[in-house]
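Remarks on the overall topology
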Amino acid sequence: MTARRCVVPLLALFQAVTLAASARAQTLPPLALAMPLPAPVRAQPEEAEGYWKGVAGASLAATEGNSSTQALLLNLDVARTTETTKTTLVAQVNEGKNKVDGRSRTSAGKWVTSAQHNRDISLVMFGFGKLGLERDRVTGLALRTQVAAGFGRHLLRSDADTVDIFAGLSHTDDRYDIDKTIGDETARRFRTTGLLLGEETSHQLTENTFFKQRLEYYPGLTGEKAQLMRFNASLSVSMSRALALTVGVTDTYNSRVASDQRRNDMAITTGLSVKIGP
C-alpha cells in the first residue's frame, strides 16, 4: 500500500513534466529546433595541415674574360605540419669552377641535406629523429652521416612565432676520399658519438616577411671528441604569390679538422625563390 501511494504521485509528476515540455516545443519557432550545436574549434586550420610548405631557389653566376668562373647554388627548405607532427626537409647544393691561365679547378663542390621528424607527446614536449648527409669534394669529404634522436620543448607556439629547444644523442661518421690526419690519428674514416643540443625559432615579422634560424651544437664524447656547430638563418620577403626574395646565412664550425682545412666554413646566399604549398 505504501509503495502504491509513492508511485502514483511520481507518475502524475512525470506526466505533468512531459506535457509542459511538449507545449514548450510547440511554441518555439522551427528555426530554433533545427539549429545545430556549435562545432568544436580546431587548434589549427584544417586547410593548413598535411601540405608541404616552404621555398626552393636557384642562382647561377658566370664570368668570361681574363678569368672564367661558373657558380651554381640550389636550395630547398620545406616542412609538412599536422596537429601532432612536423617533418622538415632541407637541402643545399653549391658548385663552382674557375679557370685562370688555362688551368681549371673546382672552387666549390658541396651538398648538404637533412631530414627531421618531430612528434608531440604532450602540449609542450615532443620527440624527434634526425638524419643528415654531407659531401664536400674540395676538402675530400666523401660522406658525412649524422643521426640523432632526443626530446624537445615548445617554449612558444603561435601563428606568428615559434620557439623550440631540443637535446639528444648523436652519432657522426666521416668518410674521406684519401687518408686524413686529424689530431694523432691518420685514417679515411672517423666516428664520434656525442650529444645534440639546439634551438630553432621562426617569426612572421610582417604579412610578407618571414625569418627563421636554427643552431645545432654537437659535442663529441668518444673518438676525437670533436665539437661541431651549425647555424642557419634565412629571411624571406614575398614579392608575389609565387616568388620571394630570400637571403640566407650558413655557418659550420668543426674543432677537429685536417691540417689542410679550415675550421670555419661560412656561406651567404641571396636570390629569388619559388614558394611551395598553399
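Since this is a predicted model, take the numbers as computed values, not measurements. (Residues numbered from 1 in each chain as written. Predicted model: local features only at pLDDT ≥ 70, side-chain atom pairs only at ≥ 80, totals over all residues. Heavy atoms only, no water.)

1. Things to note about a nonpolar patch on the surface
On the surface, a nonpolar cluster with roughly 970 Å² of combined accessible area is contributed by Leu-205, Leu-235, Val-237, Met-239, Leu-243, Leu-245, Val-247, Met-266, Ile-268, Leu-272 and Val-274. Of all the secondary-structure elements, those providing two or more residues to the nonpolar patch are strand 10 (227-238), strand 11 (243-254) and strand 12 (264-276). Broken down by element, the residue count for the nonpolar patch peaks at four residues, all from strand 12. Overall, Val-247 belongs to the partly exposed group, its relative accessible area being 37%. (Patch = residues over 30% accessible without salt bridge, like charges linked within 9 Å, V, L, I, M, F, W, Y side chains within 5 Å. Areas by Shrake-Rupley, 256 points an atom, 1.4 Å probe, with all protein chains shown as cover. Salt bridge = Lys/Arg side-chain N within 4 Å of Asp/Glu carboxyl O. Helix = DSSP H or I, 4+ residues; strand = E, 2+ residues; numbered from the N terminus. Buried < 20%, exposed > 50% of the residue type's maximum accessible area, 1.4 Å probe, protein only.)

2. Regarding the confidence of the model for the chain
Of the residues in the chain, 83% reach a pLDDT of 70 or more, and the chain-wide mean stands at 83. Helix 2 (residues 30-34) is the least confidently modelled element of the chain, averaging 38 in pLDDT, while strand 5 (residues 125-136) averages 97, the highest of any element. Across residues 1-47 the pLDDT falls below 50, and counting only partners more than four positions away or on other chains, this stretch makes eight contacts in the model. (pLDDT = per-residue confidence, 0-100. Contact = heavy atoms within 4.5 Å.)

3. Side note on the sheet that holds strand 4 (residues 103-120)
Pairing is antiparallel in the closed barrel, where 12 strands are placed in the order 1-2-3-4-5-6-7-8-9-10-11-12. Between one strand axis and the next, the sheet turns through 20 degrees on average, direction left out of account. With 15 bridges connecting them, strand 2 (residues 67-81) and strand 3 (residues 85-100) associate as antiparallel partners. The residue bridging Ala-79 from the neighbouring strand is Thr-88, located in strand 3. (Pairing = 2+ DSSP bridges. Axes fitted to C-alpha atoms, helices over the stretch in contact; angles between N-to-C directions.)

4. Description of the side chain of Asn-118
Tracing the backbone through its elements, the reader meets Asn-118 in strand 4. A relative accessible area of 10% places Asn-118 in the buried class. Within polar-contact distance, the side chain of Asn-118 engages the side chain of Gln-116 at 2.9 Å. (Polar contact = N/O pair within 3.5 Å; in protein donor to acceptor, adjacent residues only side chain to side chain.)

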